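Coordinate analysis (summary)
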Amino acid sequence: MAIRRILIANRGEIALRVIRTCKALSIETVLAASEADLDSLPARLADRTLCIGPARPADSYLRADTIVQAALGVKADAIHPGYGFLSERPVLAKLCEQESVIFIGPTAAQIEAVGDKLRARAEAESSGVPTVPGGAVETARDAMVLAREIGAPLLIKAVGGGGGRGMKRVDRLKDLPSALELAGAEAGAAFGDARVYIERFVGRGRHVEVQILGDGNGRVVHLGERDCSVQRRYQKLIEETPASGLSAEFRARVHAAALQFAERLSYRSAGTVEFLIDLERDAFYFLEMNARIQVEHPVTEAVTGIDLVAEQIAIADGRGLRLKQEDVRQTGCAIECRINAEDPARDFQPSPGTVRAAVWPSGEGVRVDTHVVSGSRIPPYYDSLLAKIIVHAADRPAALERMRQALAATRVEGVATNLAFHADVLTDPELNAGGVDTSYLPRFLERRRAVGEVRAHG
Amino acid sequence: MTLTAKDVAEIMRLLEQSSFDNLSLEIDGVKLNLQRGSAAPVRQPAAPASSLETQPVEPAPPRVKPPSEPGLAEVASPLLGIFYRAPKPGEPPFVEVGSRIEEDTVIGIIEVMKLMNSVRAGVKGEVVEILAENAALVEYDQILMRLRPGA
């Protein structure tokens with residue numbers, strides 16, 4: 001079956017990103033948009049736009065039945081879910097399977113297998129991939145036995161959580177029983193699943209993830225890793241590839257672990273296996289797998305020259321993996337900065353509104369993925385991502401310099417953004433030295449605050 | 001300010017004389033969408049030519065056709081789905097042009113993945129125009145019918 005028409009069940013920059021590849025492949029696009037996005041750039045560039053409901057995601061982008069009905073109504077061959085929204089909810093993939101609409105992503109069963117974090121942990125263990133010491137806990141007594149083995153500090157994680165949501169840190173073992181009770185109640189309320197598990201808290205860790213592509217029949221290739229350690233409250237801000245300062249041997253082991261995990265699942269489509277690198281122990285552990293295209297995928301595209309969305313579509317179309325591992329070569333270094341409509345001066349509060357003027361950088365080795373133009377409205381109902389600026393250069397210092405220049409050439413007026421904050425981070429010696437851990441950004445903010453206070457007091 | 005029928009006629013005349021095909025106007029919450037000619041869909045600049053065997057996406061139905069007379073009330077679709085004018089195939093439609101209906105009269109059904117949702121008029125009056133086609137996909141907030149409000 002040849003995919004000729006794709007319904008895009010998403011918005012913002014990723015909707016536009018998918019449209020771009022579809023146009024290059026002469027595939028027609030139908031955008032499923034909420035009322036708030038009917039004037040958006042993706043709505044203007046799609047071949048057709050359908051209004052699927054009111055602005056609130058629960059009434060539009062999260063309605064799997066409406067989205068599949070829309071795809072059937074316009075005779076779309078396939079649905080691209082983008083990231084977020086329904087991309088990792090088994091309900092959409094399942095409904096597509098029932099209605100014979102191609103879901104551009106993994107199978108519903110695979111989404112379920114990695115969505116349940118405890119099951120994903122068990123899958124990792126079965127495939128011989130190291131996990132953070134820890135495990136499931138049924139009773140407070142079990143938990144205490146396991147916790148003594150692991151040692152404090154600990155993290156309590158919700159089985160239904162992920163991406164930094166549903167986690168609680170416990171510094172003293174005697175606090176564990178009460179913290180468990182609270183975490184279970186919170187997880188039940190937030191995810192409809194009260195199950196939790198415990199893991200060692202890794203004090204100094206780097207977040208390194210491996211991009212993979214699988215054909216659904218057990219063949220998987222990796223496209224190298226991305227370092228996403230520059231985060232604030234588990235929200236990634238800057239991503240780069242390759243991860244700096246890792247030995248070739250260590251990187252190869254991380255790549256192999258990702259392949260092992262995905263092969264065991266016979267994973268289909270693009271996915272990312274996340275690892276935590278424990279700097280104190282020189283070890284790495286499986287964190288979770290993201291069964292979707294990720295926000296930061298362009299850095300991988302920059303260094304490999306591979307269009308990940310095109311590969312997703314080819315796999316969904318039954319054309320299998322068009323790449324062999326030896327076809328994948330990484331050249332140079334790529335960095336991405338996420339430009340958000342949020343105000344660093346107000347604790348990164350979202351800043352929706354109308355963008356009066358937007359000027360994005362361009363030039364050699366610069367790519368901007370954005371749906372924002374002068375006059376764009378940034379509705380308050382969705383995430384605050386305005387644009388991703390991606391640079392590519394021969395090596396890391398050159399990429400950092402290119403990013404500094406790209407940021408300097410960027411102008412966004414009308415809404416508060418984190419542009420100046422990015423520019424600050426990119427001149428920081430610690431970031432320039434490379435290999436920062438996930439506690440870097442909070443420390444940077446703390447330092448900046450202290451300097452600000454000194455200045456304020458003259 | 002509000003738009004009178006005379007204003008609308010004047011705007012239509014201006015559009016007719018202009019070099020534009022479409023006009024969208026919003027004044028104090030009143031939205032007016034005018035389109036020159038028949039059902040020429042609002043299309044973006046041509047997409048790169050696709051392969052010959054690819055059928056073009058069916059043109060999107062224009063979101064709003066101008067009303068045949070001023071002062072009509074609109075019944076908009078509460079959902080995206082397939083619109084049916086009759087309870088079952090072969091049965092008479094719920095309403096026809098000229099039907100006098102109450103606020104809670106069912107005017108059609110919208111199917112979303114085999115789930116049938118009744119659509120009620122919400123306005124009392126007489127059906128003047130039926131815009132949505134039977135068994136066709138309708139979008140959220142698409143105008144299904146227009147009524148002349150009143151007893």
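No experiment lies behind these values; they were computed from the predicted model shown. (Residues numbered from 1 in each chain as written. Chains lettered and ligands numbered in written order. Predicted model: local features only at pLDDT ≥ 70, side-chain atom pairs only at ≥ 80, totals over all residues. Heavy atoms only, no water.)

Before going further, it helps to examine the overall build of chain A. Each helix and strand in chain A was counted, giving 15 helices and 23 strands. Over its C-alpha trace chain A gives a radius of gyration of 22 Å, about what one expects of a compact globule, namely 23 Å for 458 residues. In terms of overall dimensions, chain A has a C-alpha envelope of 60 × 60 × 45 Å along the principal axes. Here chain A holds 458 residues, and the buried ones make up 58% of them. A fraction of 65% describes how many contacts in chain A between residues 6 or more apart in sequence connect residues 24 or more apart. In the form shown here, chain A has an accessible surface area of approximately 18,000 Å², with 50% of it arising from carbon and sulfur atoms. Within chain A, one finds 58 positive and 61 negative side-chain charges whose respective centroids are separated by 2 Å. (Helix = DSSP H or I, 4+ residues; strand = E, 2+ residues; numbered from the N terminus. Rg over C-alpha atoms; globule rule 2.2 N^0.38 Å. Buried < 20%, exposed > 50% of the residue type's maximum accessible area, 1.4 Å probe, protein only. Contact = heavy atoms within 4.5 Å. Areas by Shrake-Rupley, 256 points an atom, 1.4 Å probe, with all protein chains shown as cover. Lys, Arg positive; Asp, Glu negative; His and termini not counted. Charge placed at Lys NZ, Arg CZ, Asp CG, Glu CD.)

A few words now on the sheet that holds strand β8 (residues 165–170) of chain A. All names here are of chain A. Taking strand neighbours across the sheet as the criterion, the 4 strands line up as β6-β9-β7-β8 in an open arrangement whose pairing is antiparallel. In this open sheet, the two edge strands, each paired with only one partner strand, are β6 (134–136) and β8. On average, adjacent strands in this sheet sit at an angle of 20° to one another, irrespective of strand direction. Pairing of β6 with strand β9 (residues 196–200) involves 3 bridges; the strand directions are antiparallel. Counted as the bridge partner of A136 is Y197 from β9. (Pairing = 2+ DSSP bridges. Axes fitted to C-alpha atoms, helices over the stretch in contact; angles between N-to-C directions.)

A few words on helix α4 (residues 90–99) of chain A. The periodicity of an α-helix, 3.6 residues per turn, causes residues three or four positions apart to be oriented the same way. Residues and elements named next belong to chain A. If you check which residues of α4 are buried, you get L92, A93, L95 and C96. Take α4 and look down its axis: the buried residues cluster within an arc of 165°, on one side only. In the core, the buried residues of α4 are packed alongside α3 (64–73), β4 (78–80), β5 (102–103) and α5 (108–115). Backbone geometry just after α4 places S100 at a positive phi near 60°. (Arc of directions from axis to C-beta.)

So, on to the pairing of strand β7 (residues 154–162) of chain A. Residues and elements named next belong to chain A. Among the 9 residues in β7, 7 count as buried, and that is most of the element. In the sheet, β7 pairs with β8 via 5 bridges, with the strands oriented antiparallel. Bridge pairing links I156 to K168 in β8. With 5 bridges joining them, β7 and β9 adopt antiparallel strand pairing. Bridge pairing links K157 to Y197 in β9.

Another aspect to go through is the pairing of strand β10 (residues 205–215) of chain A. Residues and elements named next belong to chain A. Summarising burial for β10: 11 of the 11 residues are buried, a large majority. Residues G205, H207, E209, Q211, L213 and D215 of β10 are buried on one face, and the alternating residues R206, V208, V210, I212 and G214, pointing to the opposite face, are buried as well. Relative to strand β13 (residues 268–278), β10 is paired through 11 bridges, and the arrangement is antiparallel. Its bridge partner being in β13, E209 is matched across the sheet by E274. Inspection of the sheet shows β10 paired to strand β11 (residues 220–232) by 6 bridges, in the antiparallel sense. Residue pairing in the sheet places G214 in a bridge with V220 of β11. The turn joining β10 and β11, which pair antiparallel and follow one another in sequence, is formed by 4 residues; a positive phi near 90° is taken by G216.

Residue and element names in this part refer to chain A. By the secondary structure assignment, R396 is in helix α12 (residues 396–408). Separated by 3.0 Å, the side chain of R396 and the backbone oxygen of N432 make a polar contact. With residues near it in sequence (within four places) discarded, R396 still touches E240, S244, C333, L431, N432, A433 and G434. (Polar contact = N/O pair within 3.5 Å; in protein donor to acceptor, adjacent residues only side chain to side chain.)

Bringing the side chain of H222 of chain A into the picture now. Residue and element names in this part refer to chain A. Within the secondary structure, H222 is located in strand β11. A polar contact is formed between the side chain of H222 and the backbone nitrogen of G224, at a distance of 3.0 Å. Apart from the residues lying within four places of it in its own chain, the contact partners of H222 are V210, Q211, I212, H255, L259, Q325 and V328.

We now examine the sheet that holds strand β10 (residues 143–149) of chain B. Taken together, the 4 strands give an open sheet; going across it, the order is β3-β10-β8-β5 (chain B), and neighbouring strands pair in antiparallel fashion. Only two strands of the sheet have a single partner each, and these edge strands are β3 (73–76) and β5 (100–101) of chain B.

Right, let's talk about the confidence of the model for chain B for a bit. All names here are of chain B. Residues of chain B with pLDDT of at least 70 account for 60%, and the chain-wide mean is 78. Under a pLDDT of 50 for its full length, residues 38–55 has, in the predicted model, 21 contacts with residues more than four places off or in other chains. Here the complex is predicted with pTM 0.87, and the ipTM for its interfaces comes to 0.86. (pLDDT = per-residue confidence, 0-100.)

To continue, consider the state of the cysteines. Residue and element names in this part refer to chain A. Under the criterion given, the structure shown has 0 disulfides over all chains. Not engaged in a disulfide, the cysteine C228 finds its nearest cysteine sulfur in C337; these two sulfurs lie 12 Å apart. Free of any disulfide, C333 has its nearest cysteine sulfur in C337, 12 Å distant. For C333, a relative accessible area of 4% translates into the label buried. (Disulfide = S-S within 2.5 Å.)

Moving on, we get to the pattern of salt bridges. Tallied over the entire structure, the rule returns 54 salt bridges over all chains. Between D65 of chain A and R63 of chain A there is a salt bridge; the shortest N-O distance is 3.5 Å. R148 of chain B is the salt-bridge partner of E126 of chain B, the closest N and O atoms lying 3.3 Å from each other. Here E126 of chain B, found in strand β8 (residues 125–130), pairs with R148 of chain B, found in strand β10; they are 22 residues apart in sequence, far enough to count as distant. One network of salt bridges, in which partners are shared, links E209, R226, K236, E239, E274, E296, E336 and R338 of chain A. (Salt bridge = Lys/Arg side-chain N within 4 Å of Asp/Glu carboxyl O.)

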